[in-house]
Amino acid sequence: MAPAVRGLKGSVWQKLKSAVFDDFSQEEEWKIMLLDDYTAKLLSLCCKMTDLLEEGITVVENVYKAREPVPHMKAIYLITPTKKSVDGLIDDFITKSSSRYKAAYVYFTDFCPDSLFNKIKASCAKSIKRCKEINISFFPYESQVFTLNIPDAFYRCYSPTLEKTKDKDAVLQVMAEQIVTLCATLDENPGVRYKSGPSDRASKLAQLVEKSLENYYKTDERSQIKAKTHSQLIIIDRGFDPVSTVLHELTFQAMAYDLLPIENDTYKYKTEGSGGKEKEAILEEDDDLWVKMRHKHIADVIEEIPKLLKDASSKTKAAEGKLSLSALSQLMKKMPLYRKEISKQVVHLNIAEDCMSKFKPNIERLCKTEQDLALGTDAEGQKVKDSMRVLLPVLLNKSHDSYDKIRAILLYIFSTNGTTQENLDKLIQNVQIQSDSDMIRNWKYLDVPVISSFVAQQHKYTRRDRSKEETFQLSRWTPVIKDVMEDAIENKLDSKDWPYCSRCPPTWNGSGAVSARQKPRASVREERRSGARLIVFVIGGVTYSEMRSAYEVSEAYKSCEVVIGSTHILTPRRLLEEVKSLSKPKDIVCIKDE
């Protein structure tokens, strides 16, 4: 039985099942599975150990580490085609007499270079019973969100120190190949288009993706060219919407990842009482309550979770009140379920209260300023006449830390399409952020005007009118990418600004997608299955608010699923540190050798 996972995670698991595990479906013997760091993370995102047990896997080991030999068992190697992983495989079968396993079944996540393939052939060919490339080079982070496996992608894409090197083109080529494995996993051959802009990054990547798609579908198992499917892939550069990257977001997931020290999706908290223990909770889609709450505004979360806790507690009390033996046995059966339910609610209440403890003293005041600067209008819809006057109270407030002041200065600069050199120097000096000034200055490398000039007048995206939509006063901003998604589905993107790379782009049924809003609810699943798919890829990182937009737009346009991806996922603090590092030499940033 496959795990109950949705969307992208389910697609990856199904592909792993058909490409790897189905090869052994007729066998009843247990096997060992060898993974490297990438494939260990990939599997952890789309299945559990119990799912692997059902596929006949009894032990999972790291291919890099020393292991005890088990010569009577077959080994499945699910690894990346890198020197380190291949060396781990060869070491296990270096001599026939000292082989660690009975035989090797090798599955590469991606194309294996001839040099590595020949090395395997020369060293341990007789021990290998199967060798296959399965083409999964991305992480299904959420049901509609993916990331790529490229260390230091931000630095490689934007650093001026790499401007005259081949590194930038090389990283775009790797990105293109990984994006194609996503399309292949979804069985899509999309029309590829990009946002034209001051830089050629998006157009270069779009062309590389189109070329890689052509090559992939010419050489797939069916040996025939796959026609374009009813899908679009839109490629956007990070500088397209800088505002959404630094604004304080007040929806649950985005706020938690911005304000709390959540690392590797793990939230740490203490239980109540004097001897409170430190506990950990992983924020993942297996937790239904997290899925239900993550895109809601913090005000709604703070209201809803205590109600759920109260309901769960009253259920247990009501059940305890019935003293018959059958009632007690029923309660005993249900107690673990209630306990699990309540413990999840307690975790999310802790997160929400943690967020509010940071929000109330400082962030609340900041948010009004940020929203006014981002939108150019106040909560009453009045135009902001003097952005500097809006910004100054934040800069003079001693309770705001330097990160928050830098975020506010950036919003001021974005709102005015750059400032003067003199004004920028004064701001940096007065706020005393000289050591972090590159967090502001280096935005020029993302083609965002920091110093205003006639040439730098940005082609700003024409925003959709959302004045009729109900919003909280401190959450009036909508990520620009949400407008792009809706315009793409409704076929309103201007082909001059959003050109296709594909020679024969697919017919895009925008109107069909829109009319699906009026269709009866029963037809939604069927509609999705036969409907269109919009894939959005952002070079240089995607924010949690932009991820939320993909789900909101999919919900509004029933016949079109939106999938969003990037090189990595951003929090404002992480992005500012990455922007600061752009002007540093390559060896200081420590790019790992892949």
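Residues numbered from 1 in each chain as written. Predicted model: local features only at pLDDT ≥ 70, side-chain atom pairs only at ≥ 80, totals over all residues. Heavy atoms only, no water.

Below, the discussion takes up the overall build of the protein chain. Helix and strand counts for the protein chain come out as 23 helices and 15 strands. Relative to its full complement of 594 residues, the protein chain shows a buried share of 54%. Contacts in the protein chain between residues far apart in sequence, at least 24 positions, make up 78% of those at least 6 positions apart. Counting every atom, the protein chain has about 28,900 Å² of accessible surface; 51% of that belongs to carbon and sulfur. (Helix = DSSP H or I, 4+ residues; strand = E, 2+ residues; numbered from the N terminus. Buried < 20%, exposed > 50% of the residue type's maximum accessible area, 1.4 Å probe, protein only. Contact = heavy atoms within 4.5 Å. Areas by Shrake-Rupley, 256 points an atom, 1.4 Å probe, with all protein chains shown as cover.)

On to the sheet that holds strand β2 (residues 57-62). Ordered by their spatial adjacency, 5 strands build an open sheet running β2-β1-β3-β4-β5, and the pairing between neighbours is parallel. Every other strand in the sheet has two partners, leaving β2 and β5 (128-133) as the edge strands with one partner each. In this sheet, adjacent strand axes meet at a mean angle of 20° when their direction is disregarded. (Pairing = 2+ DSSP bridges. Axes fitted to C-alpha atoms, helices over the stretch in contact; angles between N-to-C directions.)

Within the largest apolar cluster, 158 residues are counted, with the highest numbers of intra-cluster contacts made by Leu16, Ile235 and Trp443. With 12 residues, the top contributor of residues to this core is helix α13 (residues 325-375). Setting aside chain neighbours within four positions, we find Leu16 in contact with Phe21, Leu43, Cys46, Leu78, Ile134 and Ile136. (Core = buried A, V, L, I, M, F, W, Y, C linked by side-chain atoms within 4.5 Å.)

This paragraph deals with the sheet that holds strand β9 (residues 231-237). Taken together, 6 strands build an open sheet; the order of strands is β6-β7-β14-β12-β9-β8 and the sheet is mixed. Unpaired on one side and paired on the other, β6 (138-142) and β8 (191-194) mark the two borders of the sheet. Strand after strand, the sheet turns through a mean of 25° between neighbouring axes, direction not considered. In this structure, β6 lies alongside strand β7 (residues 145-148), joined through 4 bridges in antiparallel fashion.

A few words on unusual backbone geometry. Residues other than glycine seldom take positive phi values, yet Asp187 does so here, at roughly 55°. Assessed through its relative accessible area of 39%, Asp187 is described here as partly exposed.

Turning our eyes to something else, we now look at the pattern of salt bridges. By the definition in use, this model includes 41 salt bridges. Residues Glu546 and Arg238 are paired through a salt bridge, measuring 2.7 Å at the closest nitrogen-oxygen approach. Residue Glu546 is found in helix α21 (residues 544-556), and its partner Arg238 is found in the loop between β9 and α9 (243-246); the two are separated by 308 residues along the sequence. As far as burial versus exposure is concerned, Glu546 and Arg238 are alike and both buried. (Salt bridge = Lys/Arg side-chain N within 4 Å of Asp/Glu carboxyl O.)

At a closest axis distance of 9 Å, the pairing of helix α1 (residues 7-19) and helix α2 (residues 37-46) adopts a crossing angle of 115°. The handedness of the crossing between α1 and α2 is left-handed. Every residue of α2 that contacts α1 at Lys9, Val12, Trp13 and Leu16 is listed here: Leu42, Leu43, Leu45 and Cys46. Considered class by class, the residues forming the contact of α1 with α2 number 7 nonpolar, no polar and 1 charged. (Left-handed = near helix turned anticlockwise from the far one by under 90°. Nonpolar A, V, L, I, M, F, W, Y, C, P; charged D, E, K, R; others polar.)

For the rest of this paragraph, the subject is the pairing of β7. Alternating positions in β7 separate into two faces, Val145 and Thr147 on one and Phe146 and Leu148 on the other, with burial throughout. The antiparallel pairing of β6 with β7 creates a hairpin that spans 2 residues between the two strands. As paired strands, β7 and strand β14 (residues 560-566) are joined by 3 bridges and run parallel to one another. From the neighbouring strand, Val145 faces β14, where its bridge partner is Ile564.

This brings us to the environment of Ala374. With respect to the helices and strands, the residue Ala374 is situated in helix α13. Ala374 sits in the buried class, given a relative accessible area of 17%. Separated by 41 residues in sequence, Ala374 and Ser415 place their C-alpha atoms 6.1 Å apart. Ignoring any residue separated from it by four or fewer positions in sequence, one finds Ala374 in contact with Val243, Leu247 and Trp477.

Taken together, the side chains of Trp30, Met49, Leu53 and Val60 make up a nonpolar region of the molecular surface, amounting to roughly 350 Å² of accessible area. Summarising the element assignment, Val60 is placed in strand β2. For Val60, a relative accessible area of 32% puts it in the partly exposed group. (Patch = residues over 30% accessible without salt bridge, like charges linked within 9 Å, V, L, I, M, F, W, Y side chains within 5 Å.)

A separate point is the packing of helix α4 (residues 83-92) against helix α5 (residues 114-124). The axes of two packed helices give the description: the angle between them and the distance between them. Across the interface, α4 lies against α5 with an axial gap of 10 Å and an inter-helix angle of 10°. Taken together, the axes of α4 and α5 are roughly parallel relative to one another. Here Lys83, Val86, Asp87, Leu89 and Ile90 of α4 lie close against α5, whose contacting residues are Leu116, Lys119, Ile120, Ser123 and Cys124. (Parallel < 35°, antiparallel > 145°, perpendicular 65-115°, else oblique.)

As enumerated under the stated definition, the model contains 15 aromatic pairs in all. With a centroid separation of 6.2 Å and an interplanar angle of 80°, the aromatic rings of Phe138 and Phe146 are classed as edge-to-face. Judged on exposure class, the residue Phe138 and its partner Phe146 are both buried. Measuring from ring centre to ring centre gives 5.7 Å for Phe252 and Trp290, while their planes differ by 55°; the resulting arrangement is tilted. With a gap of 38 residues between them, Phe252 in helix α10 (residues 252-259) and Trp290 in helix α11 (residues 288-293) connect regions that are remote in the sequence. Of the two residues, Phe252 and Trp290, neither departs from the other in class, the shared state being buried. Site record: aromatic cluster; members linked through ring pairs are Tyr77, Phe93 and Tyr101. (Phe/Tyr/Trp six-rings, centres within 6.5 Å; stacked < 30°, edge-to-face > 60°.)

Further remarks concern the confidence of the model for the protein chain. Residues of the protein chain with pLDDT of at least 70 account for 85%, and the chain-wide mean is 85. This model gives residues 513-529 a pLDDT under 50, and the stretch forms 23 contacts once residues within four places in sequence are excluded. Scored below 50 in pLDDT, residues 590-594 makes 11 contacts in the model with residues more than four places away or belonging to other chains. (pLDDT = per-residue confidence, 0-100.)

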